[in-house]
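Structural features, examined
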Amino acid sequence: MSSPGFRDESRKDRYNRRLHAARRLPVTVATVNFGCDENLGYMIRAAACFGCDEVHVIGKIPERAFLKSASGSLVDYVDLVQHSNPHDLIKYMRDRDVKIVSAELCDKSISLDDYEFDFGQKTCIVLGNENWGVPEEIIHNSDVVMVPMHSVGACLNTAQTGNIILYEYNRQFSNKVRNSEHLRVG
């Protein structure tokens with residue numbers, strides 16, 4: 001009997017088949033009052049793809065049916081945690097010893113090229129509202145990173161920024177694991 005082909009399985013079947021080997025990373029994402037609900041769906045999708053267990057939402061959470069479609073059905077593979085305001089998110093993260101890293105263009109920003117994630121504790125990557133960014137209260141209680149851009153554009157879509165930062169977190173984490181395995185062998 002042959003194994004099911006790509007077209008013979010549902011998306012959910014393919015996800016479930018991969019679940020046993022899925023790597024979970026000590027990282028989560030928080031979104032701040034996204035004005036475009038699709039952006040939250042895209043971040044849920046990226047979170048599930050990069051190994052996040054949770055997505056935190058300051059503000060409203062759209063209907064599950066909408067998020068299922070916008071996330072490529074990955075909404076069922078991450079927990080959504082709702083917060084009423086930035087202060088509640090900060091308290092939640094502090095109570096759990098989670099380091100907050102915000103994505104924002106400001107004087108305090110460190111280029112993502114130069115930022116080294118600390119894997120000794122869980123990290124929460126905060127993505128701001130599409131129009132007004134990350135609230136000051138969160139900025140003052142976090143490391144602040146920015147995606148370097150060297151062309152005419154100066155600001156990425158918030159979901160694209162989140163994808164890039166999650167990719168970089170995953171890249172650094174993979175390098176650390178690879179280096180520590182190399183040290184044990186050598």
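Residues numbered from 1 in each chain as written. Predicted model: local features only at pLDDT ≥ 70, side-chain atom pairs only at ≥ 80, totals over all residues. Heavy atoms only, no water.

Section: helix H4 (residues 86–95)
- Those residues of H4 that fall on the buried side of the exposure criterion are Pro86, Leu89, Ile90, Tyr92 and Met93. One side of H4 carries all its buried residues, which in axial view fall inside an arc of 160°. More than 90 degrees from the buried face of H4, the exposed residues found are Arg94 and Asp95.
- Where H4 begins, one side-chain oxygen reaches toward the backbone nitrogen of histidine 87, 3.1 Å away; that side chain belongs to asparagine 85.
- Backbone geometry just downstream of H4 places aspartate 97 in the positive-phi region, at approximately 55°. (Buried < 20%, exposed > 50% of the residue type's maximum accessible area, 1.4 Å probe, protein only. Helix = DSSP H or I, 4+ residues; strand = E, 2+ residues; numbered from the N terminus. Arc of directions from axis to C-beta. Polar contact = N/O pair within 3.5 Å; in protein donor to acceptor, adjacent residues only side chain to side chain.)

Some remarks on the environment of leucine 127
- As for its position among the elements, leucine 127 is in strand S6 (residues 123–127).
- Considered as a pair, leucine 127 and tyrosine 15 are 112 residues apart in the sequence and their alpha carbons are 26 Å apart.
- With sequence-adjacent residues up to four places away left out, leucine 127 is seen in contact with Val29, Ala30, Thr31, Val32, Phe34, Met43, Ala103, Val134, Thr158, Thr161 and Gly162. (Contact = heavy atoms within 4.5 Å.)

Focus: the environment of aspartate 76
- Positionally, aspartate 76 belongs in the loop between helix H3 (64–70) and strand S3 (79–83).
- The spatial distance from the C-alpha of aspartate 76 to the C-alpha of lysine 12 is 9.4 Å, given a sequence separation of 64 residues.
- Residue contacts for aspartate 76: discarding those within four places in its chain leaves Lys12 and Arg64.
- Here the side chain of aspartate 76 touches arginine 64 through a polar contact of 2.7 Å, side chain to side chain.

Everything listed here is a matter of geometry and, on its own, says nothing about what the molecule does.
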